[in-house]
Amino acid sequence: MPTAVQRFFEWYLDLPPAPPGQGTAWRLEWGAPPGSVGAWPLLGWVALAAVIFVVLVYRRDAAGLSWGRRCGLVALRLAAVAIVLVMLSRLSLRVDRTELPSVAVLLDVSGSMGLSDRYQDRRLTAAAERLVAEQRQSSGDNAPTRLQLVQAILTRERGRWLRQLQQTHQVRLYAFDEHLRPLRTAVEGREPESPDHDLLAAVNRLTIEGGVTAPATAVRQVLEEHRGRSLSGIILFTDGVATVGEEERLSVAARWARERGVPLFPVGVGSDDPARDIELYDLLSDDVVYIGDPVTLAVRVRNFGYAGQTTELRVAAEGDERVLASRRVQLPADGTARIEELTFVPQQEGEYRLTVTAVPLPGELDVQNNTLRQQITVRRDQFRVLLVEGPPRWEYRALKPVLERDDAILVETYLQEADLNFAPEDRTALESFPATNTQLQRYDAIIWGDVDLGGLDRGAAERLREFVREHGGGVIFIAGERHNPWEYGGTALEILLPFLREGVEPVLVESGSRTGRFRLERTVEGRSWPLMRLADEAADDEAAWRSLPAEMDWFVRIPELKPGGLALAVRSGSGGAPSSDPIIIHQRYGRGQVLYHAVDSLWTWRRRVEDRYYGRYWSQAVRMVAAGRLRRTHSGWELTSDRRTYRPGEAVHLRLRGGGQESPETLDPAAPVQVRIESAGGQQVTIPLAPRPGESHTWEGTATRLPLGVQTATLITDDPAAPAPSCTFLVELPNRELRDRKIARTDLELAAKISQGSFFMFADAEDVPAAIPRRQAVRLTQSRPIPLWNRGELLVLLILLLAGEWVLRKRSRLV
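Residues numbered from 1 in each chain as written. Predicted model: local features only at pLDDT ≥ 70, side-chain atom pairs only at ≥ 80, totals over all residues. Heavy atoms only, no water.

> For this particular structure, what's the right way to read the overall build of the protein?
Broken down by element type, the protein carries 17 helices and 36 strands. Expressed as a percentage of the 815 residues in the protein, the buried residues total 51%. Within the protein, residue pairs in contact and separated by at least 24 positions form 75% of the contacts whose partners lie at least 6 positions apart. A total accessible area of about 37,700 Å² is found for the protein, and carbon and sulfur atoms account for 51% of it. (Helix = DSSP H or I, 4+ residues; strand = E, 2+ residues; numbered from the N terminus. Buried < 20%, exposed > 50% of the residue type's maximum accessible area, 1.4 Å probe, protein only. Contact = heavy atoms within 4.5 Å. Areas by Shrake-Rupley, 256 points an atom, 1.4 Å probe, with all protein chains shown as cover.)

Shown next, in the form of C-alpha cells:
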C-alpha cells in the first residue's frame, strides 16, 4: 500500500503507527453470509444475477439515452448492489505487526580512507566535486578524502539515501577498520520524511580511527550478529584494500555470505589511478640554539608515484624570502621513508618559525603535506654548566677541557676529592656545591658524576630535584663504581633516575681481555635524535658510530626502565649486535630533562680522533638538556606533547608548564587554559587544559580524533602579537595502509559476484537502495478484525448512490 494512502487510513481508523523496526501487513477478510457456510455460492449467483438484471433493464429502459448517461446509471445501480453485498458478506480489515528485514551498512574508517584521489574518469571527478560542493566540505585546494565522500553520500538532502533504505528495511550502521563497532544500535525508528538528526550528526563526526583494514572480519561479525534474523544484504562503503593479510580480502567473506544467503553490495570509494604525492613528516631539530652553531633539521621524506625522481628541499624563515639551506634529493621507492638533513648557521638571535618545503612535482595531488614548520630560539648568551664530580676520573679529565673550549658554554666545576690548592688555582673551580636554590638556578645544566651525597649538605639532593622539576634545568648523570647510583636509593635523586633501582648491578666484562669489551649501538629511537648524531650527513653518521673503538669494559646493568625512560643507546653484544642493556637513557621530569650514562668511558671515543666525536656529543648533550631551562627563561612557558608521532585515533596528551616568578606572564594557577591545534591542511580544534593536581603552574589536556598530518599546538593568549609557546607532532598512518593506494576494484567486483550481489562506484551510490532485495517481512502479531460491513459510512454511501440514481433517472425522464 502506498505510504500516503496507508497513513490516511491509519489516521481515519485511529490505528497506531508501527514502532521502530516494524511494519504493517494489511489484509481484508470476508465473513460468512447469514445462514450457513454453504450460502457463499448462492451469494455469488445473486451478485451475478443482479449485474445481468441491471444491465438488461437499462438496455431496455434507457435505449434512447446517450451511451455515457446509460453507463452512469448502470454504474450507480451496480455500486449500490456492491455495497449491499459487502454488508451481507460481513467484510473486515486486519492490520498485523511485522518485523522489517534488516540491511547492514558498513563504513570503512581505516587509514586509507583518509587519502584523497584524482580520477581520470571525468564522471567520477564530477560526482566527487558535486558531492563535496553540496556538503560544503572542500577546504582550500585539497581534494576530498574518501571518507568525506562517504559522509556526503549519506547526509546529502537531509539523509535521503538512508531514508530511502529505511522505507523497506531496518538499517543498522557500523564503522569498521580492524574492528567492527555499531555507529548506533537503532536507526530504524524514524518516519521516512523525518531525518534522524542524531544519526546524521554521528556520520558527520566520523574520523579516521584505525590503522589497518579487515573487511572480511567485519562481514563475518555482522553475519554472526544477525544469525537467525532476516538480513537482506550488506552494503560496504570501502576502498577494499585489506591491509591485515590476504585472508581479510572481501572476496573471502563473500563465500560465507553466500552460504547464509546474504548478498554483498560493495560501494567502491577511491581511484584506479595511484595517487601521486610527496610527503614530509617527523621534523626534528634543536629548538634552542646558539648564534654561530650549525642547526641541523632532519626530516623524513616519503613519496608515491615519483620513485627515482628528484625534488628540492628548502629551508626558510617565515616572513623572509631568503632560502637558508637547500639540497636536491632523490625520492625513494613508493611508500618508503628516507631521512634527509639540511643544515644552516643562524647569525642573529631571536625567535624563528622555520619552514621545510619540498618543491611540488607535476601531477602531485596534495601539496599541503609538502611543508613542515619548526619553531626555534636563537640565543647569543652562553650556556651555564656546572660539572660536579667526586674523584677526578678519566671521564672528568677528558670532559672538563672539552667544555672549556666550547665558546657557547660557560663551565664551572666542583670536585669533591680535589687537592687543597685546586679551587684557588683553577678559574672554573668552586670551593663548595651551591648552597641555595638561587645559586643553583644560575646554571642551565648540571653534569653529575660519581658524587658522594654524604660529602654535601643535607639539602643538596632536594635542591637538584627542584632545579629539574620546577625550574626546567637539565641533569646529565655519569655512573660511577662507588656512589652513582648505588647510594641514591631513598633520596631525592632516586626520582630523577630514569630506571628502577631493583636489580641494578655493576658489570665488569672479561677484565684484561679485549674480546669482551664493547662499544655503543644506537637504538631505533636514538637514530632520530639530534643528540646522537656524530656527523652532518646520514652516511657519515653511520660510519662514525661503526668506527668508535670497543674500549669499554664496565657498565651498570639496568633491568627495567621507568615508564618515561627511553633508551637511546645500548651496549653492543656478541658479534657486534645490539644487546638489551641500555647505556644512554633519556627521561623528562617536571619541566626539565634527565640524561643518564650507565658507563664512565665515553672518553675512549677520543682515541686517534681527539674530540671529533666526543666533543660533538657532549656539546649536543648539554644543549639538549638545557633546552627546557632556556626555553622557559625566554618565554616563561613550555608546551609539550607526550610523543612526536601518533596513529589515527590515538590520544595526544599535552602539558603546559611555566608561570613562575620569572615568567613575564601570569595565569591563575587554578584556572583552565586553552590550546589551539592546527593541522597542515588548515583544520583547527580548541581543547581545554586543566590544572594538574599537586603541581603549581602546570596544566594538562587530551586531544583526540585529530586529522592526519603535522599538527601545531599553540597556547591561546590575550595578546595575539606576543610569542606563545607551541609544539608540533605528527598523526600518520601505518606504512602498510599507504603501500597500495588504489581501490581494490577487482576484489570488490569478485565479492559481489560470489555473494550474488552488485558492485557500485560511489558515483552510482544512489542506485544502491533500489538494488537491495525486498524479503518477506516476518509477522509478529495477529490483530483483531476491524468490521467494515456495519460502518455508518457504508449506509450513507448507499443512500447517496440510490439518491443519485433517482435524480439521474428523473432528469432522463425514466421515472
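> I'm lost on the sheet that holds strand β12 (residues 323–330) in this one. Help?
Pairing between the strands of a sheet is mediated by backbone hydrogen bonds and can be parallel or antiparallel. The sheet built from five strands is open, its strands ordered β9-β15-β14-β11-β12 with mixed pairing. The two strands at the open ends of the sheet, each matched to only one other strand, are β9 (288–290) and β12. For this sheet the average axis-to-axis angle between neighbouring strands, irrespective of direction, equals 30°. (Pairing = 2+ DSSP bridges. Axes fitted to C-alpha atoms, helices over the stretch in contact; angles between N-to-C directions.)

> Looking at this structure, I do not really get the pattern of salt bridges. What am I missing?
Side-chain pairs of opposite charge can arise whenever the charged atoms involved come near each other. Taken as a whole, this structure holds 44 salt bridges when the rule is applied. In this structure, arginine 393 and aspartate 600 form a salt bridge, with 3.1 Å as the shortest nitrogen-oxygen distance. Residue arginine 393 is located in the loop between β16 (383–389) and α9 (394–405), and its partner aspartate 600 is located in the loop between β25 (592–597) and α14 (614–635); the two are separated by 207 residues in the primary sequence. A relative accessible area of 13% places aspartate 600 in the buried class. When the shortest N-O distance is used, the salt bridge between arginine 571 and aspartate 581 registers 2.8 Å. Remark: aspartate 581 occurs in strand β24 (residues 578–589) and arginine 571 occurs in strand β23 (residues 566–572); sequence separation between them is ten residues. (Salt bridge = Lys/Arg side-chain N within 4 Å of Asp/Glu carboxyl O.)

> Please explain the pairing of strand β30 (residues 684–691) as it appears in this structure.
With six bridges joining them, strand β29 (residues 673–679) and β30 adopt antiparallel strand pairing. Note on β30: the bridge partner recorded for valine 673 is leucine 689. Direction of pairing for β30 relative to strand β31 (residues 698–703): antiparallel, over a ladder of two bridges. Bridge pairing links alanine 690 to glutamate 700 in β31.

> Could you clarify how one ought to interpret the environment of arginine 809 in this entry?
By the element assignment, arginine 809 lies in helix α17 (residues 792–811). Since its relative accessible area comes to 16%, arginine 809 is described here as buried. Each C-alpha atom of the pair arginine 809 and leucine 73 lies 7.6 Å from the other, and the pair is 736 residues apart in sequence.

> Hey, could you run me through the packing of aromatic side chains in this one?
For any two aromatic rings, the description comes down to two numbers: the centre-to-centre distance and the angle of the planes. For the structure shown, the criterion picks out eleven aromatic pairs. Aromatic pair tryptophan 161 and phenylalanine 237: ring centres 5.5 Å apart, planes at 70°, arrangement edge-to-face. A residue pair is termed long-range when its members are at least 10 positions apart, and tryptophan 161 in helix α5 (residues 146–166) and phenylalanine 237 in strand β6 (residues 231–238) qualify at 76 residues. Comparing tryptophan 161 with phenylalanine 237 shows no difference in burial state: the two are buried. Grouped by ring-pair contacts, the aromatic residues Trp545, Trp605, Tyr617 and Trp618 constitute a single cluster. Of note, arginine 442 hangs over the ring of tyrosine 443, and the distance from its end group to the ring centre comes to 5.2 Å. The residue whose ring lies beneath arginine 571 is phenylalanine 518, and the NZ or CZ to ring-centre distance is 5.8 Å. (Phe/Tyr/Trp six-rings, centres within 6.5 Å; stacked < 30°, edge-to-face > 60°. Lys NZ or Arg CZ within 6 Å of the ring centre and 35° of its normal.)

> Quick question: what am I supposed to make of the sheet that holds strand β13 (residues 337–344) here?
Taken together, three strands build an open sheet; the order of strands is β8-β10-β13 and the sheet is antiparallel. For this open sheet the edge positions go to β8 (277–284) and β13, each flanked by a neighbour on one side alone. Adjacent strand axes in the sheet meet at a mean angle of 30° when their direction is disregarded. The pairing of strand β10 (residues 295–304) with β13 spans eight bridges and is antiparallel. Looking across to β13, one finds that valine 301 is bridged to arginine 338.

> Please clarify how helix α13 (residues 538–547) should be interpreted in this entry.
An α-helical turn contains 3.6 residues, so a residue and the one three or four places further along point in the same direction. Within α13, the full set of buried residues consists of Asp541, Ala544 and Trp545. The buried side chains of α13 occupy one side of the element, clustering within an arc of 95° when seen end-on. In α13, the exposed positions angled more than 90 degrees off the buried face are occupied by Ala539 and Arg546. Looking at the buried residues of α13, the elements they touch are β21 (520–522). (Arc of directions from axis to C-beta.)

> What is the right way to look at the packing of helix α7 (residues 215–225) against helix α8 (residues 250–259) in this model?
Each packed pair of helices is defined by two parameters, the angle between the axes and the distance between the axes. Packing of α7 against α8 brings their axes to within 7 Å, and their N-to-C directions diverge by 20°. Comparing their axes, α8 and α7 come out roughly parallel. The element α7 and its partner α8 pack so that their crossing is right-handed. Residues Pro215, Ala216, Val219, Arg220 and Leu223 of α7 form the contact with α8, whose own contacting residues are Leu250, Ala253, Trp256 and Ala257. Of the residues that constitute the contact of α7 with α8, the class distribution is eight nonpolar, no polar and one charged. (Parallel < 35°, antiparallel > 145°, perpendicular 65-115°, else oblique. Left-handed = near helix turned anticlockwise from the far one by under 90°. Nonpolar A, V, L, I, M, F, W, Y, C, P; charged D, E, K, R; others polar.)

> For this particular structure, what's the right way to read the pairing of strand β3 (residues 102–108)?
Consecutive side chains of a regular strand alternate in pointing toward one face of the sheet and then the other. With respect to burial, β3 is a largely interior element, seven of its seven residues being buried. Bridging between β3 and strand β4 (residues 170–176) involves seven bridges; their strand directions are parallel. Note that in β4 the partner of valine 103 across the bridge is valine 171. Bridge count between β3 and β6: six bridges; the pairing is parallel. Bridged to valine 105 within β6 is isoleucine 235.

> Please clarify how the nonpolar core should be interpreted in this entry.
Across soluble globular proteins, you tend to see nonpolar side chains buried next to one another. In this structure, Ile447, Trp448, Leu520, Leu595, Tyr617 and Trp618 are the most contacted members of the largest nonpolar core, which totals 80 residues. Considering each element in turn, this core owes the most residues, eight residues, to α14. When near neighbours in sequence (up to four residues on either side) are disregarded, leucine 595 contacts Val475, Ile476, Phe477, Leu531, Leu568, Ile584, Ile585, His586, Tyr617, Ala621, Met624 and Val625. Among the nonpolar cores identified, the runner-up in size contains 65 residues, and Tyr174, Phe176, Ile208 and Val267 belong to it. (Core = buried A, V, L, I, M, F, W, Y, C linked by side-chain atoms within 4.5 Å.)

> What is the right way to read the environment of leucine 639 from this model?
On the secondary structure map, leucine 639 appears in strand β26 (residues 637–641). In sequence terms leucine 639 and leucine 715 are 76 residues apart; their C-alpha atoms lie 7.6 Å from each other. When residues no more than four places from it in sequence are discounted, the contact partners of leucine 639 are Arg655, Leu656, Val675, Leu689, Ala713, Thr714, Leu715, Pro725, Ser726 and Cys727.

> So what exactly am I meant to see when it comes to α8 here?
Within the sequence span of α8, burial applies to Leu250, Ser251, Val252, Ala253, Ala254 and Ala257. Against α7, β6, β7 (264–268) and α15 (745–754) lie the buried residues of α8. Just beyond α8, the residue with positive phi is glycine 261, at close to 75°.

> Explanation requested: the side chain of glutamate 364 in the structure shown.
Mapping glutamate 364 onto the fold places it in the loop between β14 (350–358) and β15 (371–379). Here the side chain of glutamate 364 touches isoleucine 278 through a polar contact of 3.1 Å, landing on its backbone nitrogen. The contacts of glutamate 364, once residues within four sequence positions are left out, are Arg118, Arg276, Asp277, Ile278, Tyr306, Asn369 and Asn370. (Polar contact = N/O pair within 3.5 Å; in protein donor to acceptor, adjacent residues only side chain to side chain.)

> Please clarify how the confidence of the model for the protein should be interpreted in this entry.
The predicted structure's coordinates, where accompanied by low pLDDT, should not be read in detail. With 84% of its residues at a pLDDT of at least 70, the protein reaches an overall mean of 81. pLDDT under 50 marks residues 659–665. Its contacts with residues more than four places away, or in other chains, come to 16 contacts. (pLDDT = per-residue confidence, 0-100.)

> Explain the packing of helix α3 (residues 67–89) against α17 to me, please; I cannot follow it from the model alone.
Between α3 and α17, whose axes approach to 9 Å, the crossing angle comes to 155°. One finds that α3 runs roughly antiparallel with respect to α17. Seen along the crossing, α3 lies across α17 with a hand that is left-handed. Across the interface between the two elements, Arg69, Gly72, Leu73, Leu76, Arg77, Ala79, Ala80, Ile83, Val84, Val86 and Met87 from α3 touch Leu794, Leu795, Leu797, Leu798, Leu801, Leu802, Gly804, Glu805, Leu808, Arg809 and Arg811 from α17. Considering only residue class, the contact of α3 with α17 consists of 15 nonpolar, two polar and five charged.

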